[in-house]
Every structure is written in C-alpha cells, then in structure tokens.
Amino acid sequence: MSEDVNMTEEKPSAIPPEELAALTDDIIAALKSVYDPEIPVDIYELGLIYKVDVSDDRDVLIDMTLTAPGCPVAGTMPEMVADAVRSVDGVGDVKVNMTFDPPWDQSMMSDEARVALNMY
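As the structure is a prediction and not an experimental result, all values here were calculated from the model.

Novice: Would you mind going over the side chain of D63 with me for this structure?
Specialist: Tracing the backbone through its elements, the reader meets D63 in strand β2 (residues 60-64). When near neighbours in sequence (up to four residues on either side) are disregarded, D63 contacts L48, I49, Y50, K51 and N97.

Novice: How do you make sense of helix α1 (residues 17-31) when you look at a structure like this?
Specialist: For an α-helix, the turn length of 3.6 residues means that residues three or four places apart are oriented alike. Over its 15 residues, α1 extends 21 Å from the first C-alpha to the last, a length consistent with the 21 Å expected when each residue adds 1.5 Å. Where α1 is buried, its residues meet α2 (43-46), β1 (49-54), β2 and α3 (77-86).

Novice: What's the story with the pairing of β1 in this structure? I'm lost.
Specialist: Within a regular strand, the side chains alternate between the two sheet faces. In this sheet, β2 lies alongside β1 in antiparallel orientation, the contact comprising 5 bridges. When the bridges of β2 are listed, K51 appears paired with D63. Between β1 and the antiparallel strand that follows it, β2, lie 5 residues; R58 among them carries a positive phi value of about 70 degrees.

Novice: Explain the pairing of β2 here, please?
Specialist: Burial analysis of β2 places 4 of its 5 residues in the buried class, which makes it a mostly covered element. By the bridge criterion, 5 bridges tie β2 to strand β3 (residues 94-98) in an arrangement that is parallel. By the bridge assignment, D63 is partnered in β3 with N97. Regarding the hand of the β-α-β motif, the stretch spanning β2, α3 and β3 is right-handed.

Novice: Honestly, the packing of α1 against α3 in this entry has me stumped. Any pointers?
Specialist: In a pair of packed helices, the angle between the axes and the distance between the axes together describe the arrangement. For the pair α1 and α3, the least separation of the axes is 8 Å and the interaxial angle reads 140 degrees. Taken as axis vectors, α1 and α3 run oblique relative to one another. Note that α1 runs across α3; the crossing there is right-handed. Residues I27, A30 and L31 of α1 form the contact with α3, whose participating residues are V81, A84 and V85. Looking at the contact of α1 with α3, its residues break down into 6 nonpolar, no polar and no charged.

Novice: Teacher, can you tell me more about the environment of V73 here?
Specialist: With respect to the element layout, V73 can be found in the loop between β2 and α3. Residues contacting V73, with those up to four places away along its chain left out, are P37 and P78.

Novice: Would you take a moment to explain the sheet that holds β2 for this structure?
Specialist: What holds strands together in a sheet is hydrogen bonding between their backbones, with the strands either parallel or antiparallel. Read from one edge to the other, the open sheet built from 3 strands follows the order β1-β2-β3, with strand pairing classed as mixed. For this open sheet the edge positions go to β1 and β3, each flanked by a neighbour on one side alone. Recorded for the sheet is a direction-independent mean angle of 15 degrees between the axes of neighbouring strands. α1 rests against β1 and β2 of the sheet, and its axis sits at about 145 degrees to β1. Packing against the sheet, α3 makes contact with β2 and β3, and its axis sits at approximately 150 degrees to β3.

Each value, and the rule that gives it
Residues numbered from 1 in each chain as written. Predicted model: local features only at pLDDT ≥ 70, side-chain atom pairs only at ≥ 80, totals over all residues. Heavy atoms only, no water. Helix = DSSP H or I, 4+ residues; strand = E, 2+ residues; numbered from the N terminus. Contact = heavy atoms within 4.5 Å. Expected span 1.5 Å × (residues − 1). Pairing = 2+ DSSP bridges. Buried < 20%, exposed > 50% of the residue type's maximum accessible area, 1.4 Å probe, protein only. Right-handed = clockwise from strand over helix to strand, strands pointing away. Axes fitted to C-alpha atoms, helices over the stretch in contact; angles between N-to-C directions. Parallel < 35°, antiparallel > 145°, perpendicular 65-115°, else oblique. Left-handed = near helix turned anticlockwise from the far one by under 90°. Nonpolar A, V, L, I, M, F, W, Y, C, P; charged D, E, K, R; others polar.

This is the structure we're talking about:
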C-alpha cells in the first residue's frame, strides 16, 4: 500500500510568504485574545481552533470546537472569534465553522494551557 494517500498538491498562496507569515501571526494573536469564559485560558492554547485557512483574497475560514457541545457560549463564541479575527489589519471576510468532530479533550491543550490550569 502506498504511503502517498493524498496525491493532490496544494497550490502556493498568492500572498507573499513573509506577508502571509505576518498575517498568520496577527490572526493567532487575535485568537489568543478570546477566552472561554469558564476557563482562564485562551481558545487557541486550549486547542479549540482546529484549522485556519487564509485565501488569496485574505478571507479567513476557521474550524473550531468547544470544550463541550452544551457549552453556554456555543451561540456566541463563533461571533466572538470572527470579531477578533476581523480586527486584524488586512483580513477580508471571516467565517467560523463550529464542529465537534473530533470531540475536544484535554490532550489538545498546549503546554502553556496545562501550566496555567495546573494540569502538568
């Protein structure tokens, strides 16, 4: 069996690499400004952000989850995330998709989050 499961190649971004890197850093900083109201750690370090795609038009598509499907901020969290990313200079449209596949668990947290929550 071949190890090359995905035979398609991603086309390179039309955004110059250094500009894309700076934009990515700014988007991550914006994501780190959003906190789960019940946990004193930002959503990025909690591992709630599954994917961030930046199109050639600088539109941003985010796939994220919550710590639990019944989370009290399920209705407002996507808009909080979209607003934070929209505040980044150079970003176009922002769309946030909520998913629970795979379900979030504590192993998705960064070491920084583990330290903040005394879970190391």
